[in-house]
Amino acid sequence: MRLATWRGSRTSRLSANTVCLSPFSAQPTSQPSDGAPRSAFPPRLPEIIQRFRALHPQARLTLSELTSLEQVQALKERRIDVSFGRVRVEDLAIQRSVLLEEPLLAVLPATHRLAARPRVALEDLAAETLALFPKDERPGFGDHILSLLHDRGLTPGGLVEVHDLHTALILVASGEAACLAPEAAALFSHPGDRKSVV
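Just so it is clear, the structure is predicted and the values come from calculations on it, not from any experiment. (Residues numbered from 1 in each chain as written. Predicted model: local features only at pLDDT ≥ 70, side-chain atom pairs only at ≥ 80, totals over all residues. Heavy atoms only, no water.)

Peer 1: What am I meant to see in the pattern of salt bridges here?
Peer 2: Summed over the entire model, instances satisfying the criterion amount to 6 salt bridges. As a salt-bridge pair, Glu47 and Arg51 come within 3.8 Å of each other at their nearest N and O atoms. A residue pair is termed a helical-turn pair when its members lie 3 or 4 positions apart in one helix, as Glu47 and Arg51 do in helix α1 (residues 45–55) at 4 residues. Residue classification places Arg51 among the exposed positions, given a relative accessible area of 55%. A salt bridge links Arg79 to Glu77; the shortest N-O distance between them is 2.7 Å. Judged by its relative accessible area of 44%, Glu77 falls in the partly exposed class. (Salt bridge = Lys/Arg side-chain N within 4 Å of Asp/Glu carboxyl O. Helix = DSSP H or I, 4+ residues; strand = E, 2+ residues; numbered from the N terminus. Buried < 20%, exposed > 50% of the residue type's maximum accessible area, 1.4 Å probe, protein only.)

Rendered as structure tokens:
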């Protein structure tokens, strides 16, 4: 697969890492809990956890692997204190802050006509069959990708919905599809794929 990054306008960069908070005060006896996405975790999450532990050495931190919707519900029920994810959350009960915007990557089969390019235009990918993930979560990252294409008047040549990033990367490596993925996809490698900036 070839991985390329795409740097669109600020408003079209849907792959933003956000943190959502419920009221929380880091007391030495507290045991804060946070939620993180199941696939393609935010690249800076380990650094954030390390910083938190350095600032609050007496606090015990619990990490829960939850879908975006599960994170929202857990925040509202105060089962977790902090949530990290890429899906935009619009809920008055939740405070949302953008931590960083990561580039969107085009993951292509190594033999694809665009695979050698360091950058790929979104328009160049419009006719491709795209692997979208996660299949079982609505709204999810795949819905953001479809919105991005729709806002630009683009329609993919076909869609294959899969459960997670790893399955999407296997489809790409086998030449069955292309994929638009967050920058964290660069951390994973499969023989036969190339990643480029979109």
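What follows continues from the structure just given.
Peer 1: Honestly, helix α4 (residues 141–151) in this entry has me stumped. Any pointers?
Peer 2: Owing to its 3.6 residues per turn, the α-helix aligns residues three or four sequence positions apart on the same side. Of all the positions in α4, only Phe141, Gly142, His144, Ile145, Leu148 and Leu149 are classed as buried. Mapping the buried residues of α4 onto a view down its axis gives an arc of 160 degrees, with all of them on the same face. Across α4 from its buried face, at more than 90 degrees, point the exposed residues His150 and Asp151. Within two residues after α4, Gly153 carries a phi angle of roughly 70 degrees, on the positive side. (Arc of directions from axis to C-beta.)

Peer 1: Can you help me understand the nonpolar core in this one?
Peer 2: One recurring pattern in soluble globular proteins: nonpolar side chains tend to sit buried together. Formed by 31 residues in total, the largest nonpolar core has its most connected members in Leu125, Phe133, Ile145, Leu165, Cys179, Leu180 and Ala181. Secondary-structure elements contributing two or more residues to this core are β7 (104–109), α3 (122–125), β8 (129–132), α4, α5 (165–173) and β10 (179–182). (Core = buried A, V, L, I, M, F, W, Y, C linked by side-chain atoms within 4.5 Å.)

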